[in-house]
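Take a look at the letters that make up each chain.
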Amino acid sequence: MSTQDSSKKIDLLAFINRPRETNKKRSINERRKDFDEIYITQQKPELSQQAERCLDCGNPYCEWKCPLHNYIPNWLALVRDEQFEQAAKLMHETNPLPEICGRVCPQDRLCEQACTINTGFGAVAIGAIEKNIADRALAQNWRPDLTQIEQTGKQVAIVGAGPAGLGCAELLVRNGVKAVVFDQYPEIGGLLTFGIPGFKLEKDVVVRRRLFLEDLGVEFRLNTRVGEQISTATLQADFDAIFLATGCYSSVDGNLPGRNSEGVINALDYLIGNINQQQNYQLKDFPFTDLNGKQVVVLGGGDTAMDCVRSAVRQQAASVTCVYRRDRESMPGSAQEIVNAIEEGVEFEFNRQPLSIVEKSGKVQGVKLAETQLKQDADDGRKTFIVNENKTQLINADVVILAFGFKPSPASWLEDLGVTLDEYGLVKTLSAAKATPEPTEYAQRTESEGVYAGGDMVRGADLVVTAIAEGRQAAREIMDYLEV
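Rules behind the numbers
Residues take numbers from 1 onward in each chain, read along the sequence in its written order. Reporting in this predicted model follows two pLDDT cut-offs: at least 70 for local features of residues, and 80 or more for side-chain atom pairs to be given and counted; totals over whole chains, interfaces and linings ignore these cut-offs and use all residues. Values shown for side chains rest on all heavy atoms present in the structure; no hydrogens or waters enter the calculation. Points on a 1 Å grid, built from protein atoms alone, make a cavity when a 1.4 Å probe fits but cannot get out and make a pocket when they are open with protein on both sides within 12 Å along at least 5 of 7 lines; residues with an atom within 4 Å of a point are the lining residues. Grid points are joined across faces, edges and corners, and a volume is the space filled by probe spheres set on the points. The helix count covers DSSP runs of H or I at least four residues long, the strand count covers runs of E at least two residues long, and both are numbered beginning at the N terminus. The classification used treats Ala, Val, Leu, Ile, Met, Phe, Trp, Tyr, Cys and Pro as nonpolar, Asp, Glu, Lys and Arg as charged, and all other residues, Gly among them, as polar. Each patch groups residues whose relative accessible area exceeds 30% and which form no salt bridge, using 9 Å between like charges and 5 Å between nonpolar side chains of Val, Leu, Ile, Met, Phe, Trp and Tyr. Where accessible areas are quoted, they stem from the Shrake-Rupley method and a 1.4 Å probe; at the residue level, only the protein chains shown are allowed to cover. For salt bridges, the criterion is a side-chain nitrogen of Lys or Arg within 4 Å of an Asp or Glu carboxyl oxygen. Note on classification: 1.4 Å probe, protein chains only; a residue is buried when its accessible area is under 20% of the maximum for its type, exposed when over 50%, partly exposed between these limits. Per residue, pLDDT measures the predictor's confidence, with a range of 0 to 100. Any two residues whose heavy atoms approach within 4.5 Å are treated as being in contact. When DSSP finds two or more bridges between a pair of strands, those strands are recorded as paired. Here an angle of 0 to 180 degrees is reported between the N-to-C directions of two axes, which are lines fitted to C-alpha atoms, with helices fitted over the stretch in contact. Any pair of Phe, Tyr and Trp rings, taking the six-membered ring for Trp, is counted once the centres come within 6.5 Å. Such a pair is stacked with planes under 30 degrees apart, edge-to-face with planes over 60 apart, and tilted for the rest. Only when the NZ of Lys or the CZ of Arg is both within 6 Å of the ring centre and within 35 degrees of the ring normal is a charge said to sit over the ring. Whether a crossover is right-handed comes down to one check: with the strands pointing away from the viewer, does the path from the first strand over the helix to the second run clockwise; if it does, it is right-handed.

Draft legend 1. Representation of the layout of surface pockets in the model. Taken as a whole, the second largest pocket encloses approximately 590 Å³ of empty space. What lines the second largest pocket is a set of 31 residues, and nearest its centre among them are R20, Y39, Q107, S334 and Q336.

See the structure below:
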């Protein structure tokens, strides 16, 4: 694709002459007091100058590292030449949620890590540019022109309005297939809306995307539980295919002694309860927990743990400590989120393994920790650890938040659809189940004809972008199944 404006002189050494710059942050004192996004929108000249740093590699590693294989060098060239609407259009050809991926994707482990100039010069600020360009397009009410798309008369039921469900729905309607999305919650987004705090993803961003998708033809039926407001029999009778994308919502508690004490909270319950109170969603199962003045300890080192510690800071907790069993370099969460947490006053206890939650009269008093010693695993390169229970310490706590991750939470009605689960409770897809002796190209089809599944309920808790990718793959398989 040729996008160069011949009237503009391109600085071929921009990656040397111009330093990497990402979105600037609001002041620490200001952002600690609210749940608004911390990053400031970049201006058009800044976006173009940063996009000019791209080398337009012949074999773009950034594109292949992205689970969606976004056309990153191509839309960077359009941004460089100030063709912002064309850049937004190209983004949407592979990604139905670019403004969200620009906010919550771990670019430091994906596209930007793979950037050719990352070592020595600093990667192109791909995520920041993606976010800003997509935001501008939505603010200007940009929509793709689908007037030439012929409607097929087919319709697909999608259960779950999270990233996988939205990814599937958007690609279907772009190809003339009616997509009807069912979700038990009052807003779309799944954990994008109910699990990720506003300082990373303000909720009006998701609302704007819902309006975009509705304009494209996606129909949302919210506050609707399968098995209650609509039956599986109705789904099978009224739709030509079904895509399941209900995610993983059950928390891992690590079988930690004392975990049932008063003051111990699962991370997702805490995060949803906080957002529920802020947005007045009136979800009865997720009460608000006020951490003002509390000594808070969060156990875990992923992005969810960072969401918890940074939320606790904003609730004016007396102290916030994150405990992780390996070192900082081994933390699975985004490196930038760890930096943000440290800036905002979170304390970290690295190389510490929780042994038990200490309680008195049923209430949390603290957490007993043991030191760990790391060693390099020869097989996969990941650092394993040995727990030294001869070196322990007690860290005081009024509240302990468990952020050990999530496990499947399969609904009972899956059996009615003929869907089978593996030993971990994940939905089996045909490629994994090997239900037929012949090799199959399908990755999202279940053992039940016409029923597909994707996202966390298939692969376990993973990234937003991988869920979107599986939703889009399911859409392709569904269209092949429907012969459209």
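Continuing now.
Draft legend 2. Just empty space enclosed by the protein, in detail. Scanning the model with the defined rule gives 4 cavities of 30 Å³ or more in all. Taken as a whole, the largest cavity holds about 120 Å³ of empty space. Lining the largest cavity are 16 residues, and of these C66, N70, C105, C111 and E130 sit closest to its centre. Elements supplying a minimum of two residues to the lining of the largest cavity: α5 (72-80) and α10 (126-139). Residues of the lining of the largest cavity, tallied by class, amount to 12 nonpolar, 3 polar and 1 charged. Looking at the second largest cavity, its volume works out to about 90 Å³.

Draft legend 3. Broad picture of a nonpolar patch on the surface. A contiguous nonpolar patch, built from L12, L13, I16 and F121 and spanning about 410 Å² of accessible area, is present on the exposed surface. Among the residues examined, F121 registers a relative accessible area of 39% and is labelled partly exposed.

Draft legend 4. Structural detail: the confidence of the model for the protein. Taken over all residues, the pLDDT of the protein has a mean of 93, while the share at 70 or more is 95%. Every residue in residues 434-440 is under pLDDT 50, and counting partners more than four places away or in other chains gives 5 contacts.

Draft legend 5. Expanded view of the environment of S250. In this fold, S250 is placed in strand β5 (residues 250-251). What makes S250 partly exposed here is its relative accessible area of 23%. In the structure, S250 is positioned 176 residues away from L426 in sequence and 12 Å away in space, judged by C-alpha atoms. S250 has contacts with G405, F406, K407, P408 and S409, leaving out every residue within four places of it along the chain.

Draft legend 6. Region of interest: the sheet that holds strand β12 (residues 383-396). Across the sheet, which stays open at both edges, the 3 strands sit in the order β10-β11-β12 with antiparallel pairing between neighbours. This sheet does not close on itself; its edge strands, each paired only once, are β10 (352-360) and β12. Strand after strand, the sheet turns through a mean of 20° between neighbouring axes, direction not considered. Relative to strand β11 (residues 363-376), β10 is paired through 8 bridges, and the arrangement is antiparallel. What sits directly across from S356, in β11, is K368.

Draft legend 7. Main features of the side chain of E470. Its location among the elements puts E470 in helix α20 (residues 464-482). When its relative accessible area of 11% is taken as the criterion, E470 is described as buried. Non-local contacts of E470, meaning those with residues more than four positions away in its chain, are made with Q444, G454, G455, V458 and R459.

Draft legend 8. Structural view of the sheet that holds strand β6 (residues 264-266). Taking strand neighbours across the sheet as the criterion, the 5 strands line up as β6-β13-β7-β8-β9 in an open arrangement whose pairing is parallel. The sheet terminates laterally at β6 and β9 (347-349), the two strands that pair on one side only. Within this sheet the neighbouring strands show an average axis-to-axis angle of 25°, counted without direction. As defined by bridge partners, β6 adjoins strand β13 (residues 399-402) across 3 bridges and the pair is classed as parallel. Paired with I265 across the bridge in β13 is I401.

Draft legend 9. Here's a closer look at the pattern of salt bridges. The final tally for this structure, using the stated rule, is 31 salt bridges. As a salt-bridge pair, E219 and K178 come within 3.7 Å of each other at their nearest N and O atoms. Placement of the pair is E219 in strand β3 (residues 219-221) and K178 in strand β2 (residues 178-182), with a sequence separation of 41 residues. Two residues, R210 and E214, come together in a salt bridge whose shortest N-O distance is 3.6 Å. Linking R210 with E214, this pair stays in helix α13 (residues 203-216), spanning 4 residues, or about one helical turn. Judged by relative accessible area, E214 falls into the partly exposed class, the value being 34%. Linked by salt bridges that have partners in common, K25, R31, R310, R314, E337, E343 and E344 make up one network.

Draft legend 10. Molecular detail of the packing of aromatic side chains. Under the counting rule described, the total for this entry stands at 9 aromatic pairs. Through a chain of ring-to-ring contacts, three or more aromatic side chains come together here, namely Y185, F194, Y249 and Y281. Above the ring of F212, the side-chain terminus of R209 is found at 4.3 Å from the ring centroid. Above the face of the F199 ring, R314 is positioned so that its terminal group lies 4.2 Å from the ring centre.

Draft legend 11. View of the pairing of strand β7 (residues 295-299). Judged by how many residues are buried, β7 sits mostly within the fold: 4 of 5 residues are covered. When β7 meets strand β8 (residues 319-323), the two strands line up parallel, connected through 5 bridges. Across the sheet, residue V297 finds its bridge partner in β8, namely T321. With respect to chirality, the unit in which β7 leads through helix α16 (residues 303-314) into the neighbouring parallel β8 is right-handed. Of the pairings in the sheet, the one linking β7 to β13 comprises 4 bridges and is parallel in character. Paired with V297 across the two strands is V400, which belongs to β13.

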